[in-house]
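Understanding the architecture of this molecule
The lines below spell out each chain.
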Amino acid sequence: MPFNPEILKQHLDFCRPTQVLVAYSGGLDSHVLLHSIASLRRLHPQLEMRAIHINHGLSPKAQDWAEHCRQVCQALNITFLVKSVDVRQHLANWSLEEAARNLRYEALASEMRVGEYLLLAHTEDDQAETLLLQLLRGSGVRGLAAMPLAKPFATGSLIRPLLHISRKALQHYAIQHQLTWVEDESNLLLTLDRNYLRHQVLPPLATRWPQVKKVLSRVAKHCAEAVELVEELAAVDLSQAGGELPHTLSVAALVKLSPARQKNVLRFWLKSLQLPVPNASRLAQLQQDFLYSKEHRTPKMTWSGVEIRRFNDSLYAMPALPAHDAKIVFSWDMTQPLVIPGLGILTAKPGEEGVEILAGAEVTVRFRQGGERFHPLGRSGSHPLKKLFQEWRIPPWQRDRLPLIYFDEDLAVVPNHAVAKKYAASGHRRGLVMLVEFNPGV
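Right, let's walk through the structure included here. (Residues numbered from 1 in each chain as written. Predicted model: local features only at pLDDT ≥ 70, side-chain atom pairs only at ≥ 80, totals over all residues. Heavy atoms only, no water.)

Right, let's talk about the overall build of the protein for a bit. On a plain count of helices and strands, the protein comes out with 14 helices and 20 strands. Its C-alpha atoms give the protein a radius of gyration of 29 Å, clearly above 22 Å, the size a compact globule of 442 residues would have. Overall, the C-alpha framework of the protein stretches about 90 × 50 × 40 Å when taken along its three principal axes. Here the protein, with 442 residues, has 45% of them falling under the buried criterion. Taking contacts inside the protein between residues at least 6 apart in sequence as the whole, the part at least 24 apart equals 68%. Carbon and sulfur atoms provide 53% of the accessible area of the protein, an area that totals close to 23,600 Å². For the protein, the distance from the average position of its 51 positive side-chain charges to the average position of its 43 negative side-chain charges is 5 Å. (Helix = DSSP H or I, 4+ residues; strand = E, 2+ residues; numbered from the N terminus. Rg over C-alpha atoms; globule rule 2.2 N^0.38 Å. Buried < 20%, exposed > 50% of the residue type's maximum accessible area, 1.4 Å probe, protein only. Contact = heavy atoms within 4.5 Å. Areas by Shrake-Rupley, 256 points an atom, 1.4 Å probe, with all protein chains shown as cover. Lys, Arg positive; Asp, Glu negative; His and termini not counted. Charge placed at Lys NZ, Arg CZ, Asp CG, Glu CD.)

A few words now on the sheet that holds strand β17 (residues 404-407). Taken together, the five strands give an open sheet; going across it, the order is β11-β14-β17-β18-β19, and neighbouring strands pair in antiparallel fashion. Sheet topology places β11 (330-331) and β19 (418-419) at the edges, where each strand pairs with a single neighbour. Relative to strand β18 (residues 410-414), β17 is paired through three bridges, and the arrangement is antiparallel. Looking across to β18, one finds that Y406 is bridged to L411. (Pairing = 2+ DSSP bridges.)

What follows concerns helix α5 (residues 124-136). Its 13 residues place the ends of α5 19 Å apart at the C-alpha level, agreeing with the 18 Å of an ideal helix rising 1.5 Å per residue. Counted residue by residue, α5 has ten buried out of 13 residues, so it is predominantly covered. Every buried residue of α5 is accounted for by E124, D125, D126, Q127, A128, E129, T130, L131, L132 and L133. Of the surrounding secondary structure, the elements contacted by the buried residues of α5 are α2 (28-39), α6 (141-144), α7 (167-176), α8 (193-208) and α9 (212-240). The opening residue of α5, the one whose side-chain oxygen lies 3.2 Å from the backbone nitrogen of D125, is T123. Once α5 ends, the next one or two residues include G138, with phi positive near 75°. (Expected span 1.5 Å × (residues − 1). Polar contact = N/O pair within 3.5 Å; in protein donor to acceptor, adjacent residues only side chain to side chain.)

With that settled, consider the pairing of strand β1 (residues 19-23). Counting buried positions over the five residues of β1 gives five, a clear majority of the element. By the alternation rule, side chains of β1 split into Q19, L21 and A23 and V20 and V22, which are all buried. Both β1 and strand β2 (residues 48-55) contribute to a ladder of five bridges, which runs parallel. Bridging across to β2, L21 finds its partner in R50. In this fold, the crossover linking β1 to β2 by way of α2 has right-handed handedness. Bridging between β1 and strand β4 (residues 117-119) involves three bridges; their strand directions are parallel. Bridge pairing links V20 to Y117 in β4. (Right-handed = clockwise from strand over helix to strand, strands pointing away.)

W332, M334, L346, I405, F407 and V436 are the most contacted members of the largest nonpolar core, which has 35 residues in total. Of all elements in the fold, only β12 (338-340), β13 (344-357), β14 (363-366), α13 (385-391), β17, β18, β19 and β20 (432-440) reach the threshold of two or more residues within this core. If we skip the residues at most four places from it in the chain, L346 touches W332, P337, L338, I340, V365, P403, I405, P415, V436, E437 and F438. Core analysis: the second largest hydrophobic core is formed by 34 residues, L8, L40, V72 and A174 among them. (Core = buried A, V, L, I, M, F, W, Y, C linked by side-chain atoms within 4.5 Å.)

Looking now at the pattern of salt bridges. Per the counting criterion, the structure on display carries 23 salt bridges. Here R198 and E129 are joined by a salt bridge, their closest N and O atoms 2.9 Å apart. A residue pair is termed long-range when its members are at least 10 positions apart, and R198 in helix α8 and E129 in helix α5 qualify at 69 residues. The closest approach of N and O atoms between R393 and E244, which form a salt bridge, is 3.3 Å. With a gap of 149 residues between them, R393 in the loop between α13 and α14 (396-399) and E244 in the loop between α9 and β7 (249-250) connect regions that are remote in the sequence. By relative accessible area, E244 is classed as exposed at 58%. One salt-bridge network, held together by shared partners, links D29, D125, D126, E129, R167, R194, R198 and K213. (Salt bridge = Lys/Arg side-chain N within 4 Å of Asp/Glu carboxyl O.)

As structure tokens, this is what we get:
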């Protein structure tokens, strides 16, 4: 199918952007995108257009490419940005391709304005290559959905308006309009998986099946539709499988689902918490160890800076807990919030009920050492704090991290749970009454 700017116009008409940021590498595809969007500005006079070039610093020609992009944007009267990234610094953790891609998207996100549309020049050929890469990695239906046409991104949206256009059609457009573009020599390196597929695998397939790229792109679209249905089902299951606390899951509810639906809702739950999803083998292990273990057990699993834990009937997911020194002591005058690094914020505000502060009492914040006793308001006598934590169903990993408020050497408040009878506000007030709250997660 021939390419012309009218094909892009439907995307602009649909989303009606007032600001677009074109990711411009200087190559054929992105130059065609830039040129065709620029030609549509007469139909969208309100459109504020910028272009951004990411300099990966991997080629000796990198500076020349950036200069080429600057000159093209100057000729088209387009605001031009350059952002440099240091790919080599991250090769210990990522492959070259992963580092370049991850840093590129980070750089693009950092330059996005609120409500801006980021336009990427991925084509039908790129979509076919991506699907094959995901297939060879053993990806599920989400991976085979490859690249979405549009999605939220950073402070705006990301659109791939050329996703159903072939690279050959773009080349015809470029020749017709006498465009010049840069050629990245790394695109010929067959050691890179995408290049190997592009040069060694797809051409022979196309001799037998001439429409192979279009067919693979269509498969990705079908998979994307399947993902929508899968996520709709996961959202329903998540709403019915919530645990006692927000953002937790009920084991009893999960085991009523089929294994496939369990995995589906676990993935969806982690994504909703913006946490990395484990691979298939870890997910299967999570099902076995967490859903079918004895209730008194408290299993733990970690990956990629994530922790999954079980306590009673609930599953908890969180970033890996940092080291904590339970012997640290904070002085607190209770007039300002107390930030406890890595744990949260303590606040105290005047109230009708709460803890009554006696004049001259030294207020300190400490953590459980073991052996503490506490006499909560409404209970007869003092009780081991350990037993009270169990009654209050505080997860074990939180017990040594829950701040305790002392007046002199007396445990006066367990925030969010109880006030000591001795210091509870009464009708015969002698001092200032404060309501103390602890907000974790800071």
